[in-house]
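Structural features, examined
If you want the building blocks of each chain, they are given just below.
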Amino acid sequence: MNEETLNKVIDESKQGEVTILKGNGASNGKKLYIESYGCQMNFSDSEVVASILTETGYETTRDVNEANIVLINTCSIRENAETRVRNRLVEFKGKKAKDPEFVVGILGCMAERLKKSLLEEEKLVDIVAGPDAYRDLPNLIEEVGTGQKAVNVLLSRDETYADITPVRMDKGGVTAFVTITRGCDNMCSFCVVPFTRGRERSRDPQTIVKECRDLFDMGYREVTLLGQNVDSYRWNMTSKGEIKDVSKPTVNFAQLMEMVAKVNPDLRVRFSTSHPKDMTDDFLKVMAKYENVCEYIHLPVQSGNTEVLQRMNRGYSREWYLERIDAINRIVPDCAISTDIISGFCDETEEEHRDTLSLMDEIKYDFAYMFKYSERPKTLAERRFDDNVPEETKKKRLTQIIDKQMEHSLESHQRQIGKIKKVLVEGPSKRSEEYFCGRDGRNSMVVFPKGDFKKGDYIMVKIKECTSATLLGEVV
Ligand code: 5AD
Ligand code: SF4
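Only a predicted model underlies this, so the values are computations on that prediction, with no experimental measurement involved. Within each chain, residue numbers correspond to sequence positions counted from 1 in written order. The lettering of chains begins at A and the numbering of ligands begins at 1, in the order of writing. Owing to the predicted nature of the model, reporting of local features is limited to residues with pLDDT of at least 70; listing and counting of side-chain atom pairs is limited to 80 or more, with chain, interface and lining totals taken over all residues. Only hydrogens and water are set aside; all other atoms, that is, all heavy atoms of the structure, feed into the side-chain values.

1. Details of the domain arrangement of the protein
Where a domain begins and ends is set by an automatic assignment or by a domain database. Examined at the domain level, the protein breaks down into domain 1 (27-152), domain 2 (175-414) and domain 3 (420-475). The C-alpha centroid of domain 3 is placed 26 Å from the C-alpha centroid of domain 2. The interface of domain 2 with domain 3 comprises 21 residues on the first partner and 18 residues on the second. Of the roughly 1500 Å² buried between domain 2 and domain 3 on both sides combined, carbon and sulfur atoms contribute 50%. Think of a salt bridge as a Lys or Arg side-chain nitrogen and an Asp or Glu carboxyl oxygen that are within 4 Å of each other. Where domain 2 packs against domain 3, one counts three salt bridges. Note that lysine 422 and glutamate 291 form a salt bridge whose closest N and O atoms lie 3.8 Å from each other. As used in this structure description, the phrase polar contact means that two N or O atoms lie within 3.5 Å; if the pair is within protein, one of them must be able to donate a hydrogen and the other to accept it, and residues adjacent in sequence are counted only when both atoms belong to side chains. Our count for the contact surface shared by domain 2 and domain 3 stands at eleven residue pairs in polar contact (both at pLDDT 80 or more). Going along the chain from the N terminus, every DSSP run of H or I of four or more residues is numbered as a helix, and every run of E of two or more is numbered as a strand. Elements that contribute at least two residues to the side of domain 2 that touches domain 3 include exactly strand S13 (268-272) and helix H14 (391-414). Note on contacts: a residue pair qualifies if any of its non-hydrogen atoms lie within 4.5 Å across the two residues. The buried area of a pairing is the accessible area, by a 1.4 Å probe, that goes missing from both parts when the two are put together, added over both.

Right under this line is the structure:
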């Protein structure tokens, strides 16, 4: 789908007003199980879906075996994410054969792309709902009840689910996601997200602040503000920076962060994902000003070579990116930085790959998510370039990137030994009953003897040992 067709699909979505079957929340005796794949945004969306469906009487369950309806929130970002979902759907096929009342639906990014094959050809699902169609789910489920296949994959220009209070899956939890923007307008050439999630739109800041305040009152002590590109958050402004309604204030990401930071000094604030072309010094100054804004930035670079970045349509050069890293180090001292890297993008030469390795050496990321390039249908890269780096080469380059990152992650953790960290207690450690875990501001997982602490406490931990993945310490 090119941008013009994409806009058409979105505009058509305005024509059909969806009537919401608003329930009174009374139980309808049916149990709902939601399984989520992919990014944090998908997990957050599943909580919105749970909220919409519990309003109409469904009860959520963690046990798939007792569910009457299973919804799978899907990811299309790489081919193997789609393969995993398909395998899962095949597993449910057996259950469907035994119980004709059992309903399976797919949500999220695979919806638009695969609706025809999943619904009609393979008959794996009864419902297909795209990321902007969740308010329509009660209707879609009703349609299935009348024997029809139910589909809504229309994208919207303005749906933000701003008024919906997500049902938190981890009752009594301490950390929560809060979505601030949906969709993406960036068109990075490798990325399918602009096609699956549609145009970028920002959520009303007042509803964001209210959600954060309510979470704090419920006992949550950390929120992560989510968007494909949080730095392009803008309220009451066009993408060109023009004011939409002069009688109302405008809000950018730096200002939104300040509003959320002020909710309570004991509410930690994180955010993801930042974009190198849009991250401003003003925002970094807000980070530095508020102790409760965590000193951690996820700033995906994708490649260390300017020509590759150009082919990727990322909107910055290697030099620009390095300058943004300098700005972080200058304005937010001791800030942890993580990244995303893709190996073997179209036409990537050995020399261009070495530029990625040298950039990693220059920056020494604290953490990284690293991927082999996987061509996605309809993207700019699929239409413009050849996916011509051999699989073996992609693998070899990825291994070199991962090996380097393992060293840097270990060094980063070794530098923390001897330091005293403020840690938010999240609960028992996976390793042992005797230990609890929680994160420091830099987003490192810290493990410590459990003592009398409980989830949601802030404690000070002196770091004694580490691996590349975890810090181990004693409470002081
Ligand atoms: N192939 C490999 N990695 C991808 N990503 C996005 N699209 C692709 C693709 N087609 C990675 C990018 C992005 C992260 C969320 O996923 O690094 O930042
Ligand atoms: Fe995809 Fe680029 Fe948007 Fe991120 S910023 S979601 S990589 S198009």
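2. Side note on the sheet that holds strand S15 (residues 336-343)
The strand order S14-S15-S16 describes an open sheet built from three strands, whose pairing is parallel. The open sheet is flanked by strand S14 (296-298) and strand S16 (367-372), the only strands paired with a single partner. If you compare each strand with its neighbour and ignore which way they point, the axes differ by 10 degrees on average. Here, strands pair whenever DSSP counts at least two bridges between them. Pairing of S15 with S16, which is carried by six bridges, proceeds in the parallel orientation. Paired with isoleucine 341 across the strands is methionine 370, a residue of S16. Every axis corresponds to a line fitted to the C-alpha atoms, with the helix fit spanning only the stretch in contact, and the corresponding angles, defined between N-to-C directions, vary from 0 to 180 degrees. Packing of H14 onto the sheet brings it into contact with S15 and S16, and relative to S16 it is tilted by some 175 degrees.

3. Brief notes about the packing of aromatic side chains
Aromatic ring pairs are described here by two measures, namely the spacing of the ring centres and the angle between the planes. Only Phe, Tyr and Trp rings are paired, with Trp represented by its six-membered ring, and only when their centres lie within 6.5 Å; those with planes under 30 degrees apart are stacked, over 60 edge-to-face, the remainder tilted. Applying the stated criterion across every chain, the model contains eleven aromatic pairs. Ring geometry for phenylalanine 92 against phenylalanine 102: centres 6.2 Å apart, planes inclined by 50 degrees, an arrangement best described as tilted. Of this pair, phenylalanine 92 sits in helix H3 (residues 79-98) while phenylalanine 102 sits in the loop between H3 and strand S4 (103-108), and the two are ten residues apart along the sequence. Accessibility here uses a 1.4 Å probe with only protein chains present; expressed as a share of the type maximum, an area under 20% marks a residue as buried, one over 50% as exposed, and anything in between as partly exposed. A residue is classified by how much of its surface remains accessible, and phenylalanine 92, at 5% relative accessible area, is buried. Consider the rings of phenylalanine 190 and phenylalanine 345, whose centres lie 6.4 Å apart with planes at 80 degrees: the pair is edge-to-face. Residue phenylalanine 190 is located in the loop between strand S8 (181-182) and helix H6 (193-197), and its partner phenylalanine 345 is located in the loop between S15 and helix H12 (350-363); the two are separated by 155 residues in the primary sequence.

4. Comments concerning the sheet that holds strand S3 (residues 69-74)
Remark on secondary structure: sheet strands pair via backbone hydrogen bonds, oriented parallel or antiparallel. Ordered in space as S2-S1-S3-S4-S5-S6, the six strands form an open sheet in which the pairing is parallel. This sheet does not close on itself; its edge strands, each paired only once, are strand S2 (59-60) and strand S6 (150-152). Bridge count for S4 against strand S5 (residues 127-129) is three bridges, and the pairing is parallel. Note that in S5 the partner of isoleucine 106 across the bridge is valine 128. Sitting on the sheet, helix H2 (residues 40-55) touches strand S1 (31-36), S2, S3 and S4, and the angle it makes with S1 is about 170 degrees. In the packing of H3 onto the sheet, contacts are made with S1, S3 and S4, and the angle to S3 comes to roughly 170 degrees.

5. Things to note about the site of ligand 2
In the neighbourhood of ligand 2, the contacting residues comprise Cys184, Asn186, Met187, Cys188, Phe190, Cys191, Val193, Pro194, Gln228, His275 and Arg314. Ten residue types, Ala, Val, Leu, Ile, Met, Phe, Trp, Tyr, Cys and Pro, are classed as nonpolar, four, Asp, Glu, Lys and Arg, as charged, and the remainder, Gly among them, as polar. The residue makeup of the shell around ligand 2, split by class, is seven nonpolar, three polar and one charged. Nearness is judged by heavy atoms alone; a residue qualifies as near a molecule or strand once a single heavy atom is within 4 Å of it.

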